[in-house]
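Coordinate analysis (summary)
So the chains spell out like this:
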Amino acid sequence: MNPMVEFCISNLANGSQEAYDILEQDPNLDVLEYGCLSYCSLCSETFFAIVNGDVVEADTPSELVINIYKYIEENPLF
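Scope of this entry: the structure provided in the associated data block. From a predicted model like this one, the values you see are computed outputs, not experimental measurements.

Scanning the chain for helices and strands turns up three helices and four strands. N-terminal to C-terminal, the α/β element order of the chain is β-α-β-α-β-β-α. Taken along the three principal axes of its C-alpha coordinates, the chain extends 35 × 20 × 20 Å. Counting only residues that meet the buried cut, the chain has 41% of its 78 residues in that class. Of all intrachain contacts in the chain linking residues separated by at least 6 positions in sequence, the fraction that spans at least 24 positions is 59%.

Next comes the structure, spelled out in structure tokens:
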């Protein structure tokens, strides 16, 4: 089972698309996009993704990628 990384389409439009594109290339991740993840206030303020059910945030898309991999490393599924 791969870690699941979920993005809100509005956050992608706000700039996190760069992180999505990088993570989507990783065959060890399941990267999904949704119309809304119901984190509207967070979505309008920062870059974020839901990783295995938990929010991971960052100030830039590249930092988001780093934070997602760090979260996955620190919180393995098995």
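This paragraph deals with a nonpolar patch on the surface. Taken together, the side chains of Met-4, Leu-32 and Tyr-34 define a hydrophobic patch exposed on the protein surface, amounting to about 230 Å² of accessible area. Here Tyr-34 lies in strand 2 (residues 30-34). Taking the relative accessible area as the measure of exposure, Tyr-34 reaches 33% and is therefore partly exposed.

The terminal C-alpha atoms of helix 3 (residues 61-74) lie 20 Å apart, and with 14 residues this matches the ideal 20 Å at 1.5 Å per residue to within 8%. Contacts from the buried residues of helix 3 go to strand 1 (4-8), helix 1 (9-24), strand 3 (47-51) and strand 4 (54-58).

What counts, and where the lines are drawn
Residues numbered from 1 in each chain as written. Predicted model: local features only at pLDDT ≥ 70, side-chain atom pairs only at ≥ 80, totals over all residues. Heavy atoms only, no water. Helix = DSSP H or I, 4+ residues; strand = E, 2+ residues; numbered from the N terminus. Buried < 20%, exposed > 50% of the residue type's maximum accessible area, 1.4 Å probe, protein only. Contact = heavy atoms within 4.5 Å. Patch = residues over 30% accessible without salt bridge, like charges linked within 9 Å, V, L, I, M, F, W, Y side chains within 5 Å. Areas by Shrake-Rupley, 256 points an atom, 1.4 Å probe, with all protein chains shown as cover. Salt bridge = Lys/Arg side-chain N within 4 Å of Asp/Glu carboxyl O. Expected span 1.5 Å × (residues − 1).

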